[in-house]
Structures are given as C-alpha cells and as structure tokens.
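Secondary and tertiary structure notes
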Amino acid sequence: MESGFAQGRLLIKDIGHLVGFGPAPIQRLEGSEMRSLPVIEDAWLAIEDGRVIDGGSMVDFPGIVDWNQLEVLDATGRVVLPSWVDSHTHLVHASSREGEFVDRIRGLSYQEIAARGGGILNSAKVLREMSEDDLFDVSLARMERLMTMGTGAIEIKSGYGLDLDSELKMLRVARRLGALDKIPVKTTFLGCHAVPDPWDGPASYTRYMVEEVLPAVTEEGLADHVDIFCEDGYFGLEETRLLLTQAKLRGLPAKVHVNQFTAGGGVGLCVEMGALSVDHLEILEAEDVAELSSGQTIPVALPLCSLFLDLPFTPCRTLVDAGCAVAIATDFNPGSAPSGNMHLAASLGCLKMGLEPLEAIAAATVNGAAALNLQNEVGGLAVGQEASLMVTRPLRSVEEAMYAFGDPLAERVLLRGNWIV
Ligand code: NIG
Ligand code: FE
C-alpha cells in the first residue's frame, strides 16, 4: 500500500455532491453550525501532490488548461466525502476476545467478565507476551483494513501494557504506524486503563504511572495526549486530577474515558481542567451537559460500543442543541467495540443519537479532526488539506450516505492523493 503524499495531479469532476470543500479548513462546527457542513451540488475538486488545491461548482469550472500528467475522474451521481477521522481507538492490541463475546451472549455482563480477570487485564496478559514486531504486524493489518473503509486519520491509545515496558512497547508500535506516513496517527498514553496485579488499588498504581511511566513516555516523545478510565471500579476523580495535572505540565492534553457506566463528576473535572475531549458519555446528567456547553472540551460519542455492549447511546441531540461540537469515533478495541467502521458509527449517530445526516458526517470528520488537533490537515477538503476522501457508489444525496447504514459506501478511497481502493 502507498505511503506519503502522492506526486501528481488529479481532477475529480461532475461530482454529484461534494462535501467539505472551502477556501480554508473549518476549525470545528459547534451546535447549530454542524448542519452547515458545506455541500456543493455538481462540483469539481483539484488535487496536486496529495493536497486539495481548488474546487467549486461545475458552473464555474475554468476548464482544463494543462493536461500534462493529469488524471481525471468522473464522479457523476456520486458523493465525495472527506475521509473519516477516527479520534478514539485501541487499534494496537494483541488479539481479539471473542470468547467474552460468547460469554456475554450467555448472560454475563462486561463488568462481570472483567471481575473474573477477563477484559482489559486479559488483553494486557496477552500483549505483554507478544514481541514489538509481532504487535506491529497485527496492528498494521488492522490499520490498513480501516483505511480501505475510508478512515484517513486515526488516534491510537496504549492501555493494554499496564507496566513501564509494555506501555512503551504499545506506544512505539503506534508511533511506527504513524512513521509509515500512510495517514496521520496520533497517540495517547492510557496507562491508567485498569489496575493490574500486584497493585492494591488505583491510588498507588496511578502514582507509579505518574512518577515512572509518564516521564519515560514523554522523554521518548511517544504520546500526543493522556487518557484515564475515570469510572466506578477503575479510577476516581483524585487519580484523574493528579494524572491530568502532571501530564499538562509535560505538555500533554487530555482525552478522557468518562461516564461509560456511571456519572460521577468526571465530566465537570475534565472541562474545568481544559481537556481536549471527553469520550463515551453513555450516562450523561443535565449538569454534565451544562458544563460541556460552557467549555471547549469536545464530547466524543462511541456508538459502536453502545451497540456492542447494549449500553445507552450518548445523547448527541441534546449535546448539539446545547451548542457542543460533538464528535463520533469507533472506540475500535477487542472488548467493547471490535469494529473500526466509521460509516456505521456515523449512521448510528442518526439512528440512535438523533443527529441529522450532515451533523453525523460533521461529527465523524471535522469535529473528529478537532478532537485530535488535526483540523488543518484532515476532516475536510478545503484548499491545503490532505486529499483524503471517499468517492461513494452512486447515491442520490448526502443523506443517502447515512441512510444506507452498514452497506459498503466507498467505491474508491484516496488517501494523501494515493488511490488505495
Ligand atoms: O473504551 N472503557 C474502557 N476501555 C475500552 C474497552 C477496553 C476493553 O474492554 O478492552 C472502551 O470501551
Ligand atoms: Fe475506548
């Protein structure tokens, strides 16, 4: 598969509907702005050396002046969408956990499975035994599969190492995936994901993470953000405050797992501490919504996790109506969301979380990019942004892209100017 920015020129013309083109990258879309994601009917888009250089309505198309080494694609009747930005994944993991899937079908809950030593601790056990190269190989295969589904930028968390060496191993693998230059990869240090043996509880384990692992992670430049599983039975407000404070001193913004099973004040704490995003939010109280609407922290909904674990869906309609810049991501991981299908996640945004089609697409593109501080690079098709896009199969409208849920969407996928599908 191609790497880096493609050399050459590409013109996509007669596009049925072009989404996300403009003179400059959109930074984020908040509240009612989410509905105004730009759509041009009957459009063209010009690309050079892997970046968007121009575009607009066919009515104003200036014609082709220079045919030299120009590839032309006719996209009549198709929608051209910016590639998905998946701002929350656990893509680097050792193996799947389908045994737990069967246990759940037979009646055990996610928490009961975790209490028996399954769940995150099970993934950590297998990952610690795997070599860095083998972990890289299985993770690369997953990343390439997601790319063929139209994902053009991704965040990857650690959190299945849970000790110094294994957390570093995970983050080095994530950095190596980024260094391939296929798509932008942002990394997140999630050492506080679960408390492994022999630690007696979250307080002492978090101190170890803060005093020994965090410094090693930042000295090697392995992480772009920090994360913690702020949840009953995992890590509390005190651990969250300590970790976020220390990470901020080392220049790492926070993206926090919070309110997945319970609401316990974590959202307010994260907003107060200026977190970049709060992710999950299946259980959300009115005061959480008020806090989010008053700050800049991006709420990230993970509908595939809600679907897979049969949890409530994040109330995205309420959040958008409160003025938030909602994002949608997959949470791709072996325990609670073994799928990296952003198209399905966005459609569930409409079906289960009350978003209109353009809002769901904005959540899975522009606002996902904002949740990674990548909004100038990806998430849209504005002049200067990466030429990473999907050309759909024939569709009558942008709305149909969300309505046709779960079915293959992209006929062609272009990432950094390279056709990968
Ligand atoms: O985002 N909630 C915490 N972490 C992951 C699941 C981890 C796992 O089960 O392996 C999540 O759902
Ligand atoms: Fe997660």
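Note that the structure is a prediction, hence the values are computed from the model and not measured. Here the residue numbers are simple positions, counted from 1 along each chain's written sequence. Think of it this way: whatever chain is written first is A, whatever ligand is written first is 1, and the rest follow in order. Totals for whole chains, interfaces and linings use all residues, but because this is a predicted model, local features are given only for residues with pLDDT of at least 70 and pairs of side-chain atoms are given and counted only at 80 or more. Values reported for side chains reflect all heavy atoms of the structure, with hydrogen atoms and water molecules removed beforehand.

Comments concerning the coordination of the iron ion (ligand 2)
Inclusion rule: As a rule, N, O and S atoms within 2.8 Å of a metal are its donors, except that Na, K and Ca use 3.2 Å; water is not among the atoms, so sites may look incomplete. Remark: exposure states derive from per-residue accessible area (1.4 Å probe, protein chains only) relative to the maximum for the residue type, with buried under 20%, exposed over 50%, and partly exposed in between.
Here the iron ion (ligand 2) is held by the protein donor atoms His-88 (NE2), His-90 (NE2), His-257 (NE2) and Asp-331 (OD), which lie 2.1 to 2.2 Å from it. In this structure His-88 comes out as buried when scored by relative accessible area, which is 0%. The exposure class of His-90 is buried, given its relative accessible area of 2%.

Points about the site of ligand 1
Our working rule: Nearness is judged by heavy atoms alone; a residue qualifies as near a molecule or strand once a single heavy atom is within 4 Å of it. Whenever a nitrogen or oxygen atom comes within 3.5 Å of another N or O atom, the pair is scored as a polar contact, on the condition that within protein one atom can donate a hydrogen and the other can accept it, and that pairs from neighbouring residues in sequence are kept only if both atoms are in side chains. The accessible surface values rely on the Shrake-Rupley method and a 1.4 Å probe; as for residues, cover is taken only from the protein chains in view. Put plainly, a pocket is an open set of points on a 1 Å grid over the protein atoms alone with protein on both sides within 12 Å along at least five of seven lines, a cavity is a set where a 1.4 Å probe fits but cannot get out, and a lining residue has an atom within 4 Å of a point. Being in a pocket or cavity means that more than half of the molecule's atoms lie within 2 Å of its grid points. Any residue outside Ala, Val, Leu, Ile, Met, Phe, Trp, Tyr, Cys, Pro, Asp, Glu, Lys and Arg is labelled polar, Gly included; the first ten of those are nonpolar and the last four are charged.
Near ligand 1 there are 15 residues, and of these Tyr-110, Tyr-160, His-193, Gln-260 and Ser-336 occur at the shortest range. Arg-97 is positioned such that a nitrogen or oxygen atom in its side chain is 2.8 Å from an oxygen atom of ligand 1. Out of a free accessible area of 330 Å², ligand 1 has 100% covered by protein chains. Counting atoms within 2 Å of the grid points, the majority share of ligand 1 lands in the largest cavity. Its residues assigned to classes, the shell around ligand 1 shows 4 nonpolar, 9 polar and 2 charged.

With respect to the pairing of strand β5 (residues 79-82)
The test is simple: Starting at the N terminus, helices and strands are each numbered in turn, a helix being any DSSP run of H or I of at least four residues and a strand any DSSP run of E of at least two. Strands pair, by our definition, only if DSSP identifies at least two bridges between them.
Of the two faces of β5, the one holding Val-79 and Leu-81 and the one holding Val-80 and Pro-82 are both buried throughout. Sheet topology note: the strand β1 (residues 9-19)/β5 ladder contains 2 bridges and is parallel. Directly across from His-17, in β5, lies its bridge partner Val-79. Bridging between β5 and strand β14 (residues 389-392) involves 3 bridges; their strand directions are antiparallel. Residue pairing across strands places Val-80 opposite Val-391, the latter belonging to β14.

Quick word on the nonpolar core
Note that soluble globular proteins tend to have their nonpolar side chains buried in a common cluster. Our working definition: For the purposes of this section, nonpolar cores are sets of buried Ala, Val, Leu, Ile, Met, Phe, Trp, Tyr and Cys residues that join through side-chain atoms within 4.5 Å. An automatic or database domain assignment is the source of the domain bounds shown.
Residues Trp-84, Leu-91, Val-92 and Phe-189 are the most contacted members of the largest nonpolar core, which totals 115 residues. At 8 residues, helix α6 (residues 202-219) tops the list of elements feeding residues into this core. When residues of this core are assigned to domains, at least three map to each of domain 1 (9-82 + 378-419) and domain 2 (85-370). Ala-43, Leu-45, Leu-73 and Trp-419 belong to the second-largest nonpolar core, a separate cluster that totals 18 residues.

Things to note about the sheet that holds strand β6 (residues 84-86)
Spelled out, the test is: Should any heavy atoms of two residues lie within 4.5 Å, those residues are considered in contact. Interaxial angle, 0 to 180 degrees, is taken between N-to-C directions of lines fitted to C-alpha atoms, where a helix line uses only the stretch in contact.
On the basis of which strands lie adjacent, the open sheet formed by 8 strands has the order β6-β7-β8-β9-β10-β11-β12-β13 and parallel pairing. Lying at the two open borders of the sheet, with one neighbouring strand each, are β6 and β13 (327-328). Note that strand β9 (residues 225-230) and strand β10 (residues 255-258) share 2 bridges and pair parallel. Looking across to β10, one finds that Phe-229 is bridged to His-257. Where helix α7 (residues 237-249) meets the sheet, its contacts fall on β8 (185-192), β9 and β10, and the angle it forms with β9 comes to roughly 180°.

What about α7?
This is how it is decided: Given the number of residues in a helix, its expected span is that number minus one, multiplied by 1.5 Å. The directions considered for the arc run from the helix axis to the C-beta atoms.
For α7, built from 13 residues, the straight-helix expectation of 18 Å at 1.5 Å per residue is met to within 8% by its first-to-last C-alpha distance of 18 Å. Along α7, the residues classified as buried are Glu-239, Thr-240, Leu-243, Leu-244 and Ala-247. For α7, the buried positions fall inside an angular range of 120° around the axis, keeping them on one side. Away from its buried face by more than 90 degrees, α7 exposes Glu-238, Lys-248 and Leu-249. In this structure, the buried side of α7 is in contact with β8, α6, β9, β10 and α8 (266-272). Backbone geometry just downstream of α7 places Gly-251 in the positive-phi region, at approximately 85°.

Remarks on the domain arrangement of the protein chain
We apply this condition: Put simply, buried area is the surface a 1.4 Å probe can reach on two separate parts but cannot reach once they are joined, added for both. Salt bridges are identified by distance alone: a Lys or Arg side-chain nitrogen within 4 Å of an Asp or Glu carboxyl oxygen.
Along its sequence, the protein chain is carved into domain 1 (9-82 + 378-419) and domain 2 (85-370). Taking only C-alpha atoms into account, the centre of domain 1 sits 29 Å from that of domain 2. Counting residues at the interface gives 30 residues for domain 1, matched by 39 residues for domain 2. Of the roughly 2800 Å² buried between domain 1 and domain 2, counting both surfaces, carbon and sulfur atoms make up 68%. Three residues stand out in domain 1 for area buried against domain 2, namely Arg-28, Met-34 and Met-402, and they jointly supply 26% of the buried area on that side. In this structure, the connection of domain 1 to domain 2 is made through 3 salt bridges. Of all the secondary-structure elements, those providing two or more residues to the side of domain 1 that touches domain 2 are β5, α15 (398-403) and β15 (410-415).

Digging into the packing of α6 against α7
Between two packed helices, what matters for the description is the angle formed by their axes and the separation of those axes. To keep it simple, the criterion reads: By definition in this entry, angles of less than 35 degrees are roughly parallel, angles greater than 145 are roughly antiparallel, angles of 65 to 115 are roughly perpendicular, and the rest are oblique.
As a packed pair, α6 and α7 sit with axes 10 Å apart at the nearest point and diverge in direction by 5°. Our classification of the angle between α6 and α7 gives roughly parallel. Two secondary-structure elements touch here, α6 through Pro-202, Ala-203, Thr-206, Arg-207, Val-210 and Leu-214 and α7 through Glu-239, Leu-242, Leu-243, Gln-246 and Ala-247. Considered class by class, the residues forming the contact of α6 with α7 number 7 nonpolar, 2 polar and 2 charged.

Notes on the pattern of salt bridges
This structure, assessed with the given rule, holds 22 salt bridges. For Arg-35, the salt bridge is made with Glu-356, and the minimal N-O distance between the two is 3.9 Å. Of this pair, Arg-35 sits in the loop between β1 and β2 (39-48) while Glu-356 sits in the loop between α12 (342-353) and α13 (357-364), and the two are 321 residues apart along the sequence. You can call Arg-35 partly exposed: its relative accessible area is 41%. Through salt bridges with shared partners, a single ionic network connects Arg-35, Arg-317, Asp-321, Glu-356 and Glu-359.

Some words on empty space enclosed by the protein
Let me state the cut-off plainly: Grid points are joined across faces, edges and corners, and a volume is the space filled by probe spheres set on the points.
Scanning all chains against the criterion turns up 2 cavities of 30 Å³ or more. In this structure, the largest cavity encloses a volume near 90 Å³. Lining the largest cavity, in full, are His-90, Tyr-110, Ile-120, Tyr-160, His-193, Phe-229, His-257, Gln-260, His-280, Asp-331, Asn-333 and Ser-336. A breakdown of the residues in the lining of the largest cavity according to their chemical character gives 4 nonpolar, 7 polar and 1 charged. In this structure, the second largest cavity occupies an estimated 50 Å³ of space.

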